[in-house]
Amino acid sequence: MKTLRICVAGATGWAGSALARAIFTAEDMELVAAISRSHAGESLGEVIGPEELTTPVFGSAADALKTRPDVFVEYTKPDAAKGHILSALKSRAHVVVGTSGLTNEDYEEIDRVAREADRGVLAVGNFALTVVLLQKFAEMAARYIPHWEIIDYAHAGKKDVPSGTARELANRLSKIREAELVVPLEKIEGPVETRGARLQGTQVHSVRLPGYVISIDAIFGMPDQKLILRHESGTSAEPYVNGALLAIREVGKLVGLHRGLDSVMKF
Ligand SMILES: NC(=O)c1ccc[n+]([C@@H]2O[C@H](COP(=O)([O-])OP(=O)(O)OC[C@H]3O[C@@H](n4cnc5c(N)ncnc54)[C@H](OP(=O)(O)O)[C@@H]3O)[C@@H](O)[C@H]2O)c1
């Protein structure tokens, strides 16, 4: 039975369209609204197919939220994301965030508003199962190895740095401890920027070049040995669909902000 009413912001995009089609075929979900500025007024099926997908496309979150979704999925751009999320919470929807680029300060505010509204927000920098596993393995490694750095690789056109996956990993590792530096940053000789940005106690380096899709290395170093955890994504948005569907099904059981798909998975 289609009990869960869903709105997808960014439903005409690369990631959002794959998710919207999967929601359309899911037995327990109804896609009641889609958001895209350039296709407002059309039906979603006309834009991304199939034709039977008659969900209306709205140009703004305010209009889309009039359909009273149970779950609002944010899959647009960082500059629009926070406003969408706060509006959805005020309309008493639970929220799943796939968009990358929100800061920890943004998330602190979102957590506060979600708790006041008694609603859940599940923010997942990367819905792919293989990334969830990389995060868990990295957390295990950080308990034993005090030195690590992250390298985030993406295509040349990706504007936000570092990737949502890298931000989320740095945030997780900060809960275990800060990575130790043998030479502190203030004692570096040469341009300190070449050591990357220090993000919640981790040095993070972002590479943006043609030829890359999205990948990440978490490198843990010890004297005479190192562990490199590497994740590589392909070019389709399929790896993100199942994780996002799981997040949509589970977010209603949460209150406040939760980061990472493992918040709703059993390990
Ligand atoms: N968490 C994950 O696993 C995961 C996976 C893939 C991507 N992502 C992230 O998801 C986000 C979207 O990526 P994408 O590659 O799908 O982007 P995309 O192909 O450019 O699609 C963006 C979508 O958002 C809409 N949009 C953009 N700005 C908007 C605004 N101000 N108001 C309303 N709608 C707006 C666009 O439609 P209009 O331009 O017509 O408005 C389009 O539907 C990025 O932050 C990306 O890093 C996360």
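See above for the structure.
Residues numbered from 1 in each chain as written. Predicted model: local features only at pLDDT ≥ 70, side-chain atom pairs only at ≥ 80, totals over all residues. Heavy atoms only, no water.

Engineer: Go over the overall build of the chain, please, and point to the residues and values.
Structural biologist: Looking only at helices and strands, the chain features 8 helices and 12 strands. The C-alpha radius of gyration of the chain comes to 19 Å, within 12% of the 18 Å expected for a compact globule of 267 residues. Based on the C-alpha atoms only, the size of the chain along its principal axes is roughly 60 × 40 × 30 Å. For the chain, the residues scored as buried account for 51% of the 267 residues in total. Just so you have it, the chain exposes about 12,900 Å², and 53% of that area is on carbon and sulfur atoms. In the chain, 31 side chains carry a positive charge and 34 a negative one; their mean positions are 3 Å apart. (Helix = DSSP H or I, 4+ residues; strand = E, 2+ residues; numbered from the N terminus. Rg over C-alpha atoms; globule rule 2.2 N^0.38 Å. Buried < 20%, exposed > 50% of the residue type's maximum accessible area, 1.4 Å probe, protein only. Areas by Shrake-Rupley, 256 points an atom, 1.4 Å probe, with all protein chains shown as cover. Lys, Arg positive; Asp, Glu negative; His and termini not counted. Charge placed at Lys NZ, Arg CZ, Asp CG, Glu CD.)

Engineer: Give a description of the side chain of R167 that names residues and reports values.
Structural biologist: Within the secondary structure, R167 is located in helix 7 (residues 164–174). For R167, the residues in contact, after removing those within four places along its chain, are G101, L102, T103, V161, P162, L199, Q200 and R259. (Contact = heavy atoms within 4.5 Å.)

Engineer: Can you tell me about the sheet that holds strand 4 (residues 71–74), naming the residues and giving the values?
Structural biologist: One open sheet holds the 7 strands; their spatial order is 3-2-1-4-5-6-12, and the pairing between them is parallel. Two strands lie at the open edges of the sheet, namely strand 3 (57–58) and strand 12 (256–259), each paired on one side alone. With 2 bridges connecting them, strand 2 (residues 29–35) and strand 3 associate as parallel partners. Its bridge partner lying in strand 3, A34 is registered against V57. Helix-sheet contacts for helix 1 (residues 14–25) involve strand 1 (4–9), strand 2 and strand 4, and the interaxial angle to strand 2 is about 150 degrees. (Pairing = 2+ DSSP bridges. Axes fitted to C-alpha atoms, helices over the stretch in contact; angles between N-to-C directions.)

Engineer: Describe helix 1, and please don't skip the residues or the numbers.
Structural biologist: Of the positions making up helix 1, those classed as buried are A15, G16, S17, A18, L19, A20, A22 and I23. Of the surrounding secondary structure, the elements contacted by the buried residues of helix 1 are strand 1, strand 2, helix 2 (44–48), strand 4 and helix 8 (241–250).

Engineer: Describe the sheet that holds strand 10 (residues 214–222), naming the residues involved and giving the relevant values.
Structural biologist: Across the sheet, which stays open at both edges, the 5 strands sit in the order 8-9-7-10-11 with mixed pairing between neighbours. The strands lining the two open edges of the sheet, one partner per strand, are strand 8 (197–199) and strand 11 (225–232). Taken over all neighbouring pairs, the strand axes of this sheet differ in orientation by 25 degrees on average, direction set aside. Here strand 7 (residues 148–154) pairs with strand 10 via 7 bridges, running antiparallel.

Engineer: Describe unusual backbone geometry, and please don't skip the residues or the numbers.
Structural biologist: Glycine aside, the phi torsion of most residues is negative, and most peptide linkages are trans. Residue P50 follows G49 across a cis peptide bond; omega there is -10 degrees. Note on placement: P50 falls in the loop between helix 2 and strand 3. Note that the residue after V161, namely P162, is joined by a cis bond; omega there is -20 degrees. By the element assignment, P162 lies in the loop between strand 7 and helix 7. Despite not being glycine, R68 has its phi angle at roughly 55 degrees, a positive value.

Engineer: Quick rundown of the nonpolar core? Include the residues and the values.
Structural biologist: Core analysis: the largest hydrophobic core is formed by 38 residues, its most contacted members being I6, I23, L44, V73, F127 and I248. When residues of this core are traced back to their parent elements, those giving at least two are strand 1, helix 1, strand 2, helix 2, strand 4, helix 6 (129–144) and helix 8. Beyond its immediate stretch of four places on either side in the chain, I248 contacts L4, I6, L19, I23, M29, V71, V73 and V96. By size, the runner-up hydrophobic cluster in this structure holds 26 residues, among which are V32, F58, L65 and A81. (Core = buried A, V, L, I, M, F, W, Y, C linked by side-chain atoms within 4.5 Å.)

Engineer: Which residues make up the environment of A40, and what values do they have?
Structural biologist: Following the sequence through the fold, A40 ends up in the loop between strand 2 and helix 2. When the C-alpha atoms of A40 and I248 are compared, they prove to be 24 Å apart, with 208 residues separating the residues in sequence. In contact with A40, other than residues within four places in its own chain, are V57, F58 and G59.

Engineer: Please provide a residue-by-residue account of the site of the ligand, values included.
Structural biologist: Residues in close proximity to the ligand total 23 residues, the closest being T12, S36, R37, S38 and S100. Backbone polar atom of V124 to a nitrogen atom of the ligand: 2.9 Å apart, as the coordinates give it. K158 is positioned such that a nitrogen or oxygen atom in its side chain is 3.3 Å from an oxygen atom of the ligand. In the complex, the protein chains occlude 81% of the 920 Å² of accessible area that the ligand would expose alone. Looking at the shell around the ligand, the elements that each hand over two or more residues are helix 1 and helix 4 (78–90). (Near = heavy atom within 4 Å. Polar contact = N/O pair within 3.5 Å; in protein donor to acceptor, adjacent residues only side chain to side chain.)

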